[in-house]
Amino acid sequence: MELHVRYEGDDDPEKCSARRLATFDEAELHRSTRATPPGIVLNPFADRALSPADREGTGSRRDRLVALDCSWETAEREAFDLEGVHRSLPFLVAGNPVNYGTAFRLNTVEAFAGALCILGERDRAERILDRFSWGHTFLELNEEPLRRYADCADSTEVLAVQDDYLADEGEEEA
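Our subject in this report is the structure included herewith. (Residues numbered from 1 in each chain as written. Predicted model: local features only at pLDDT ≥ 70, side-chain atom pairs only at ≥ 80, totals over all residues. Heavy atoms only, no water.)

## Re the side chain of Arg-64
Quick note on the threshold: Numbering of helices and strands runs from the N terminus, with a helix taken as a DSSP run of H or I at least four residues long and a strand as a DSSP run of E at least two residues long. Each residue is assigned to one of three classes by its accessible area relative to the maximum for its type, calculated with a 1.4 Å probe on protein chains only: buried under 20%, partly exposed between the two thresholds, exposed over 50%. Between N or O atoms, a polar contact is any pair within 3.5 Å; within protein, one atom must be a potential hydrogen donor and the other a potential acceptor, and residues adjacent in sequence are included only when both atoms are from side chains. Two residues qualify as a contact provided that any one of their heavy atoms is within 4.5 Å of a heavy atom in the partner residue.
Along the chain, Arg-64 turns up in strand E4 (residues 64–69). A residue is classified by how much of its surface remains accessible, and Arg-64, at 11% relative accessible area, is buried. Here the side chain of Arg-64 touches Glu-2 through a polar contact of 3.1 Å, side chain to side chain. Polar side-chain contacts of Arg-64 include one of 2.6 Å to the backbone oxygen of Pro-38. Filtering out sequence-adjacent residues up to four positions away, Arg-64 remains in contact with Met-1, Glu-2, His-4, Pro-37, Pro-38, Gly-39 and Ile-40.

## Structural notes on the pattern of salt bridges
Put simply, the rule reads: Whenever Lys or Arg places a side-chain nitrogen within 4 Å of a carboxyl oxygen from Asp or Glu, that contact is recorded as a salt bridge.
Going through the model one piece at a time under the given rule, you end up with 11 salt bridges. One salt bridge in this structure joins Asp-54 and Arg-87, with 2.8 Å as the shortest N-O distance. Of this pair, Asp-54 sits in the loop between strand E3 (39–42) and E4 while Arg-87 sits in strand E5 (residues 84–87), and the two are 33 residues apart along the sequence. For Asp-54, a relative accessible area of 4% gives the class buried. You can call Arg-87 buried: its relative accessible area is 10%. Measuring nitrogen to oxygen at the nearest pair gives 2.3 Å for the salt bridge that ties Arg-55 to Glu-121. Highlighted residues: Arg-55 in the loop between E3 and E4 and Glu-121 in the loop between helix H2 (108–118) and helix H3 (122–129), separated in sequence by 66 residues. Residue class for Glu-121 comes out buried when judged on its relative accessible area of 17%.

This is the structure:
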C-alpha cells in the first residue's frame, strides 16, 4: 500500500514523523493539495470510521493511504480538502513522546500504522514503526483495539467495537 502525505511543514522538522518516513522511502511528501494523489484519506473529521471494508474494491484509491501532516493546533476541517474516500481512525492512543497516552492525538506514522493494521497490513505497520525508537510502544498500547478493529466487517462494527472498548476502559478506571 502506498503512503502519501500532504505535508504542511509547520511542525518541528526534527520531530516530524512524515519527514522521517520520506527519508526512508516509506512515504511520499506532497507540498500542495493538487499534487497529492487521491486515496483513502485519514481525516479525523470524517463521518465514517476506517474499516477493513475500505480495502475492498478496485483502483489505486484503495491501495493508497493519504495523511495530512500538520500541527494539531492548526488542524481544521478545511485543511483536509483532499481527493479520495475520507475515513477517521477509531479510538487509538498515541505512543510518541510528544502526545504519549493521549487518545486520538496520533502523529503521522502512528496514523498510518493504525490504518495499516486495521486494513490487514500489520507487517507493514511494524516496518514503518521500526524507524522510531518509540514505535513499538504505539502497537503495545493499542494491541487489543487494533486486533478487534481488524476483525470488523465495516465502519458500523468498528464503531461498536470502539464503544465497547471505551466502556470497558471506563469500568477499569472506576
